[in-house]
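Per-entry structural report
Below are the chains, spelled out letter by letter.
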Amino acid sequence: MLNYNPIIQKINSDLFSEKKVDVSVLRLDLIHPQISGNKWFKLKYNLEEAKRLGYDTILTFGGAFSNHIHATAVACKQAGFKSIGVIRGEPSSIGNNTLSDAAANGMQLFFVSREDYNKKQDAGFIQSLNERFGNFYLVPEGGDNELGAKGCEEILPMQNNFDIVLCACGTGTTLKGISNSLQPSQKIIGISVLKGVGDLNTNANVNAEYHFGGYAKHTKELLEFKESFEAQTQIPLDYVYTSKLFYGATDLIRSGSIEGKILIVHSGGLQGNRGYEDRYALNPKRNVNEPQG
Ligand SMILES: *Cc1c(COP(=O)(O)O)cnc(C)c1O
């Protein structure tokens with residue numbers, strides 16, 4: 001499906017020099033033009049398993065701006081599967097770029113109420129989906145299963161000498177996979193983008209200080225950080241995951257909580273910025289075009 005060549009980019013700042021830390025970014029946002037970052041790793045073994053078991057259709061779940069839905073549509077198209085996305089929300093959200101891209105890549109979208117969506121793990125609800133769509137291989141929301149984590153064991157380059165790795169955490173599948181691949185001397189910190197981390201299926205080190213109000217929420221401070229980070233490094237961030245990750249990493253460096261050779265995993269997610277900016281009426285380009293002074 002994809003030949004993965006890890007791209008590691010060193011970044012500099014006055015803070016990093018002052019703290020004598022060495023900071024690099026693993027650019028999963030660059031591995032594929034459409035299949036965002038960590039999502040490709042979470043799908044890899046699921047699609048292999050579906051093929052092995054003889055399925056021709058993948059069904060999965062996600063919200064209207066989901067990077068997972070977006071990536072699944074493209075990955076299924078490439079691997080020759082039909083795909084069905086069970087979407088939380090109204091068909092009116094079809095207007096957004098995430099879902100129109102998914103549909104353009106052949107994904108059949110099925111909109112369900114929040115109430116039905118919350119039954120996504122119930123046998124009865126899945127049975128009703130089987131009656132409607134026939135046989136399918138089910139990938140859980142966010143690619144959050146054992147095979148998803150197994151794929152994430154391949155995110156870090158085999159040979160690396162980082163002391164500490166940081167990644168963004170939604171379901172925690174990526175954190176779990178990366179944790180499994182660490183050498184005993186290496187540490188990992190997951191920066192949770194959710195308020196409260198009770199659901200994370202992992203024992204590894206999750207930091208819950210940087211959710212900025214919860215999933216898909218932000219503050220002015222976060223937006224300002226995103227803008228200045230991007231201007232300084234030329235590395236684009238998404239609003240939901242990687243802005244919070246890099247903010248958290250920078251803050252942990254500033255406070256002296258982490259040191260040494262640090263690797264931050266840029267898990268992609270940039271496709272979601274279009275919908276996010278529409279939804280919150282954020283238009284970062286506006287400032288650029290406005291007359292100065
Ligand atoms: C989905 C996603 C995550 C979260 O990954 P989990 O394995 O669910 O913790 C992180 N970053 C980006 C950009 C994502 O799209």
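Our structure is the block above this text.
What comes next concerns the included structure.

About the cut-offs
- All residue numbers refer to position in the chain's written sequence, counted from 1.
- Totals for whole chains, interfaces and linings use every residue, but because this is a predicted model, local features are given only for residues with pLDDT of at least 70 and side-chain atom pairs only at 80 or more, for both listing and counting.
- Note that the side-chain values use all heavy atoms of the structure and ignore hydrogens as well as water.
- The term salt bridge refers to a side-chain nitrogen of Lys or Arg lying within 4 Å of a carboxyl oxygen of Asp or Glu.
- To qualify as a helix, a DSSP run of H or I must reach at least 4 residues; to qualify as a strand, a run of E must reach at least 2; elements of each kind are numbered from the N terminus.
- Accessibility here uses a 1.4 Å probe with only protein chains present; expressed as a share of the type maximum, an area under 20% marks a residue as buried, one over 50% as exposed, and anything in between as partly exposed.
- In this scheme, a helix's expected span is set at 1.5 Å multiplied by one less than its residue total.
- Aromatic contacts are taken between Phe, Tyr and Trp rings whose centres are within 6.5 Å, Trp giving its six-membered ring; a plane angle under 30 degrees counts as stacked, one over 60 as edge-to-face, and the others as tilted.
- Put simply, a charge is over a ring when the Lys NZ or the Arg CZ is close to the ring centre, within 6 Å, and near the line of the ring normal, within 35 degrees.

**Structural notes on the pattern of salt bridges**
- Under the criterion given, the structure shown has 13 salt bridges.
- Notably, a salt bridge pairs Glu154 with Lys44, separated by 2.6 Å at the nearest N-O pair. In this pair, Glu154 sits in the loop between helix H7 (146–152) and strand E7 (164–169) while Lys44 sits in helix H2 (residues 37–52), placing the two residues 110 residues apart along the sequence.
- Across the salt bridge formed by Lys119 and Asp116, the nearest N and O atoms sit 2.9 Å from each other.
- Residue class for Lys119 comes out partly exposed when judged on its relative accessible area of 33%.
- Overlapping salt bridges bring together Lys10, Asp22 and Lys261 as one network.

**Here we look at helix H10 (residues 242–254)**
- Helix length check: H10, at 13 residues, gives a terminal C-alpha distance of 18 Å against a target of 18 Å (1.5 Å per residue), a fit within 8%.
- Most of H10 sits inside the fold, with eleven of its 13 residues counted as buried.
- Taken together, the buried positions of H10 are Thr242, Ser243, Lys244, Leu245, Phe246, Tyr247, Gly248, Ala249, Thr250, Leu252 and Ile253.

**Let's talk about the packing of aromatic side chains**
- One pass over the structure, following the stated rule, counts 13 aromatic pairs.
- Plain terms: the ring middles of Tyr55 and Tyr137 are 5.9 Å apart, the flat faces sit at 65 degrees to each other, and that makes the pair edge-to-face. A residue pair is termed long-range when its members are at least 10 positions apart, and Tyr55 in the loop between H2 and strand E3 (57–63) and Tyr137 in strand E6 (residues 137–139) qualify at 82 residues.
- Measuring from ring centre to ring centre gives 4.8 Å for Phe229 and Phe246, while their planes differ by 45 degrees; the resulting arrangement is tilted. Remark: Phe246 occurs in helix H10 and Phe229 occurs in helix H9 (residues 220–233); sequence separation between them is 17 residues.
- The class of Phe229 is buried, set by a relative accessible area of 7%.
- The class for Phe246 is buried, based on a relative accessible area of 1%.
- An aromatic cluster of at least three residues, connected via ring pairs, comprises Tyr210, Phe212, Phe225, Phe229, Phe246 and Tyr247.
- Stacked on the ring of Tyr239, the Lys or Arg Lys226 has its end atom at 4.4 Å from the ring centre.

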